[in-house]
Number of protein chains: 2
Amino acid sequence: MSLLMHTLHVDLQERSYPVYIGRDVLSDPQLLARHVSGPQVVVVSNDTVAPLYMDKLRTALGERSLLTEVILPDGEAYKTLDTLASIFDQVMAAGHNRTTTFVALGGGVVGDITGFAAACYQRGVNFVQVPTTLLAQVDSSVGGKTAVNHPMGKNMIGAFYQPRAVLIDTNSLQTLPRRELAAGLAEVIKYGLICDEPFYRWLQEQLPKLLAREEAALAEAIERSCANKAQVVAADEREGGLRAILNLGHTFGHAIETRQGYGQWLHGEAVAVGMLLAVELSARRGLVPAAEVAALRELLLAAGLPVQPPPDMSPEIFIELMGRDKKVVDGRLRLILLAALGEACIVDDVTPGELQALLT
Amino acid sequence: MSLLMHTLHVDLQERSYPVYIGRDVLSDPQLLARHVSGPQVVVVSNDTVAPLYMDKLRTALGERSLLTEVILPDGEAYKTLDTLASIFDQVMAAGHNRTTTFVALGGGVVGDITGFAAACYQRGVNFVQVPTTLLAQVDSSVGGKTAVNHPMGKNMIGAFYQPRAVLIDTNSLQTLPRRELAAGLAEVIKYGLICDEPFYRWLQEQLPKLLAREEAALAEAIERSCANKAQVVAADEREGGLRAILNLGHTFGHAIETRQGYGQWLHGEAVAVGMLLAVELSARRGLVPAAEVAALRELLLAAGLPVQPPPDMSPEIFIELMGRDKKVVDGRLRLILLAALGEACIVDDVTPGELQALLT
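Basis of the calculations
Residues numbered from 1 in each chain as written. Chains lettered and ligands numbered in written order. Predicted model: local features only at pLDDT ≥ 70, side-chain atom pairs only at ≥ 80, totals over all residues. Heavy atoms only, no water. Helix = DSSP H or I, 4+ residues; strand = E, 2+ residues; numbered from the N terminus. Buried < 20%, exposed > 50% of the residue type's maximum accessible area, 1.4 Å probe, protein only. Contact = heavy atoms within 4.5 Å. Lys, Arg positive; Asp, Glu negative; His and termini not counted. Charge placed at Lys NZ, Arg CZ, Asp CG, Glu CD. Pairing = 2+ DSSP bridges. Axes fitted to C-alpha atoms, helices over the stretch in contact; angles between N-to-C directions. Domains from an automatic or database assignment. Buried area = accessible area lost by both parts, 1.4 Å probe. Salt bridge = Lys/Arg side-chain N within 4 Å of Asp/Glu carboxyl O. Polar contact = N/O pair within 3.5 Å; in protein donor to acceptor, adjacent residues only side chain to side chain. 1 Å grid on protein atoms, 1.4 Å probe; cavity = no way out; pocket = protein on both sides within 12 Å on 5 of 7 lines; lining within 4 Å. Points joined across faces, edges and corners; volume = space filled by probe spheres on them. Nonpolar A, V, L, I, M, F, W, Y, C, P; charged D, E, K, R; others polar. Least-squares fit on C-alpha atoms with pLDDT ≥ 70 in both. Expected span 1.5 Å × (residues − 1). Arc of directions from axis to C-beta.

Enquirer: So what about the overall build of chain A? Which residues, and what values?
Expert: Broken down by element type, chain A carries 13 helices and 11 strands. For chain A, the proportion of its 360 residues judged to be buried stands at 62%. A separation threshold of at least 6 residues defines the contact pool for chain A, and within that pool the share at least 24 residues apart is 74%. Here chain A contributes 31 positively and 41 negatively charged side chains, and the mean placements of these two sets differ by 3 Å.

Next comes the structure, spelled out in structure tokens:
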């Protein structure tokens, strides 16, 4: 057992589950096996992650009567209904029944599509998340949102489906490409902005350690991010209200991702630009000091994140794509802004004129 | 308001919903509109049903800011992930947001695929069932099971997703093809066999009136079927145990459907043969008198239903296909038998030898 392991609990009554965070949690001989109840397992991964971690996962699973490994091509461009169908084909051909467990081994794309597959296969089977990117560890693996993309909009087809457990092995961050580490930091910074000012101040100080991949700093950042997310999700599992604050910057960000084609910009990169726009708009409305906009820009730049939308995205294109967002209700765009640093708010009175001015 | 309308309630706490049964419920100016809360509606139907009922449904919906009609080709062969994708394409292109309501207008195929689409679109939108076949009215529209087929197995990909309301207009049975009426009666007879002996005796007497499509008899048969189903579903929404009894004859039946290719045999026809096999096996085990097997055969024949599997289906093929059933758990086939007429039981100790003898 790793001495550095921390356990969080996501509190959702009969759907509650633990999140294990630490070095080598994947090497613990009991941890994963305890949450995989039957003899049948489907591991879904991608061709980047599988060569690095599949052996370790296989060892952690122990003896199984039926183990099927589904290896997807790497990238957001494959988070589609077609890929989902190919997962079902392989799982059906191998003969998995409804006692099987789907394990997602990879980043956000693998987690989202595997979770959705688990939600639908035989109307729902067990599901365990083993996220290997920082973004998946602090964001998509906790909270039960699963989905695939539609060519006309991100995450448009999916389900709320909670995992039985989340295993976050911080070791996996040592092999993560620099660009993906930065993308994950965008979501980490988000938690500070929306609900945890002390954490935001800590991040401003500790960023160099995180970029240097210091184990203790990374574990701390992941734990505080997951704790913040777990709290929001426990209060509003199906996004009736509060949960929407987790989408700070995402309406702008999704527009960028949809426009550029999935996979050109990483999700965290698009969110970074989107958060800066949302905080800029908050400042224009007098909600946060203008100095915080400059400070956030500096933090994002230091993390290696973009701070400008793609040059060819006109305000008109932005506004049209944002109109397709899932948060549009009866023609009104709902946006997440900051009421103060460390406190998000949801507004539905942003005018096209304000957006035009912001995006010009 | 129709004087003949009856209302049942499916009791599932916050997911409870009414089932309206009667002549002209679709002509009631408030009934449907009351359960379609927002201004956006997607109606999914097929090219057989839409020409008969779409006008009526449009009138019942009243003014809507966005109404999209998705017309599928008729038949079980189209209950696929590909068809599901085409629904999402049309709904996305029309610009529906998460306040939209999906309405299923048609038989079991339309209801199952529309319900699954509603479960997944933007992670879940409102859903109303308007079943137009007897089979859908007494079976698939109530209870929240939604799915599409996989080439290797029926209903393998789906969700538990409850509608907001079910509107059963008994008028629609007047235009239903004879063969589909019979297929629906198979499921009606099932309720008598598994949990309602008085209803079974009533059916033995009233069958001629049902076949003559007498309004009062049909309404009674539908109401008692739905009441039985609602009770079972309320006790076990996600099929942890009891709900499985609704699958009397279905493991044999699904094997026939899978083998013959979806749509060659109607679902109710395959279930009729399957029920007879299950009751025959119950009699061989001494659970019900052999005379009841003969009586059931007579009832099914009188209803115009098949009582023999396809001639080219060997016991070996049956057993292999039944092994893929969702009710197979850790290699053990669970079958629904009758402990007595009007009382189902679940067994997991049927031997290959017994099946071989039964199917030979």
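Next comes the rest of the description.
Enquirer: Any details on the sheet that holds strand E5 (residues 101-106) of chain B? Residues and values, ideally.
Expert: All names here are of chain B. The strand order E1-E2-E9-E6-E5-E3-E4 describes an open sheet built from seven strands, whose pairing is mixed. Across the chains shown, the open sheet's two edge strands, defined by having one partner strand only, are strand E1 (6-10) and strand E4 (66-72). Strand-to-strand, the axes of this sheet are offset by a mean angle of 15°, without reference to chain direction. Of the pairings in the sheet, the one linking strand E6 (residues 126-131) to strand E9 (residues 165-169) comprises two bridges and is parallel in character. The residue of E9 that forms the bridge with valine 128 is alanine 165. Taken strand by strand, helix H2 (residues 50-61) contacts strand E3 (40-46), E4, E5, E6 and E9, and its axis lies near 165° from that of E3. On top of the sheet, helix H3 (residues 81-94) reaches E3, E4 and E5; it is set at about 160° to E4, its chief contact.

Enquirer: Let's hear about the domain arrangement of chain A: which residues, and what values?
Expert: Residues and elements named next belong to chain A. Here the domain parsing of chain A yields domain 1 (6-175) and domain 2 (178-359). If you average the C-alpha positions of domain 1 and of domain 2, the two centres end up 25 Å apart. Tallying the contact residues gives 37 residues for domain 1 and 36 residues for domain 2. Of the roughly 3,300 Å² buried at the junction of domain 1 and domain 2 (both faces included), carbon and sulfur atoms supply 61%. On the surface where domain 1 and domain 2 come into contact, there are five salt bridges. Among the ionic pairs, lysine 190 bridges to aspartate 139, the shortest N-O distance being 4.0 Å. Along the contact surface separating domain 1 from domain 2 lie 13 residue pairs in polar contact (both at pLDDT 80 or more). Where the side of domain 1 that touches domain 2 is concerned, the elements lending two or more residues are strand E1 (6-10), helix H5 (134-140), strand E7 (145-150) and strand E8 (153-160). The element contributing the most residues to the side of domain 1 that touches domain 2 is H5, with six residues.

Enquirer: If you had to explain the sheet that holds strand E6 (residues 126-131) of chain A to someone new, which residues and values would you point to?
Expert: Residue and element names in this part refer to chain A. Pairing within the open sheet is mixed, and its seven strands lie in the order E1-E2-E9-E6-E5-E3-E4. Two strands lie at the open edges of the sheet, namely E1 and strand E4 (66-72), each paired on one side alone. The sheet shows a mean angle of 15° between the axes of neighbouring strands, taken without regard to direction. Where strand E3 (residues 40-46) and E4 come together, seven bridges link them in parallel fashion. When the bridges of E4 are listed, valine 41 appears paired with leucine 67. The strands touched by helix H2 (residues 50-61) are E3, E4, strand E5 (101-106), E6 and strand E9 (165-169); relative to E3, the strand with the most contacts, the crossing angle is about 165°. The strands touched by helix H4 (residues 108-120) are E3, E4, E5 and E6; relative to E5, the strand with the most contacts, the crossing angle is about 170°.

Enquirer: If you had to explain the environment of glutamate 239 of chain A to someone new, which residues and values would you point to?
Expert: In this fold, glutamate 239 of chain A is placed in the loop between helix H8 (215-235) and helix H9 (250-260). Here the alpha-carbon distance between glutamate 239 of chain A and threonine 258 of chain A, two residues 19 residues apart in the chain, equals 22 Å. The residues touching glutamate 239 of chain A, leaving out its near neighbours within four places in the chain, are Lys145, Ala244, Asn247 and Lys327 of chain A together with Arg98 of chain B. Polar side-chain contacts of glutamate 239 of chain A include one of 3.3 Å to the side chain of asparagine 247 of chain A.

Enquirer: Outline the interface of chain A and chain B, listing residues and values.
Expert: Where interface size is quoted, it is often the accessible area lost as the parts come together. Counting residues at the interface gives 37 residues for chain A, matched by 37 residues for chain B. Together chain A and chain B conceal approximately 3,100 Å² of surface at their shared face, both sides included; 57% is due to carbon and sulfur atoms. It is Met92, Arg98 and Arg123 of chain A that lose the most area in chain A upon contact with chain B, and together they represent 27% of the buried surface on that side. The salt bridge partner of arginine 98 of chain A is glutamate 239 of chain B, with a shortest N-O separation of 3.9 Å. For the pair chain A and chain B, the number of links is eight residue pairs in polar contact (both at pLDDT 80 or more). Elements that contribute at least two residues to the side of chain A that touches chain B include exactly helix H3 (81-94), H4, E7 and E8 of chain A.

Enquirer: Let's hear about empty space enclosed by the protein: which residues, and what values?
Expert: To locate leftover empty space, one rolls a probe as large as a water molecule over the atoms. Residues and elements named next belong to chain B. A complete count under the given rule lists five cavities of 30 Å³ or more for this structure. Empty space within the largest cavity amounts to approximately 120 Å³. Lining the largest cavity are 13 residues, and of these Lys154, His254, Thr258, Leu321 and Asp325 sit closest to its centre. Secondary structure elements with two or more residues in the lining of the largest cavity: strand E8 (153-160), helix H9 (250-260) and helix H12 (315-322). It is H9 that contributes the most residues to the lining of the largest cavity, four residues altogether. Of the residues that constitute the lining of the largest cavity, the class distribution is five nonpolar, four polar and four charged. Mapped onto the domain boundaries, the lining of the largest cavity takes at least three residues apiece from domain 1 (6-175) and domain 2 (178-359).

Enquirer: So what's going on with the relation of the copies chain A and chain B? Which residues, and what values?
Expert: For these two chains of identical sequence, chain A goes onto chain B by a turn of 180° and a shift of 0.0 Å along the axis, with RMSD 0.0 Å. Taken together, the rotation and translation describe the operation of a two-fold axis. It is leucine 81 of chain A whose C-alpha, among those of chain A, lies nearest the rotation axis, at 4.1 Å. When the interface residues of chain A are mapped onto chain B, 100% of them again fall at the interface, so both copies present the same face.

Enquirer: Explain helix H11 (residues 290-303) of chain A to me, and be specific about the residues and the numbers.
Expert: All names here are of chain A. Here H11 contains 14 residues, and its C-alpha end-to-end distance of 20 Å stays within 8% of the 20 Å for a straight helix at 1.5 Å per residue. All of the buried residues along H11 are Glu292, Val293, Leu296, Leu299, Leu300 and Ala303. What you see down the axis of H11 is that its buried residues fit within an arc of 125°, all on one side. Set apart from the buried face of H11 by more than 90 degrees, the exposed residues are Ala290, Ala291 and Glu298. Contact partners of the buried residues in H11: helix H6 (178-195), helix H7 (197-211) and helix H10 (267-284).

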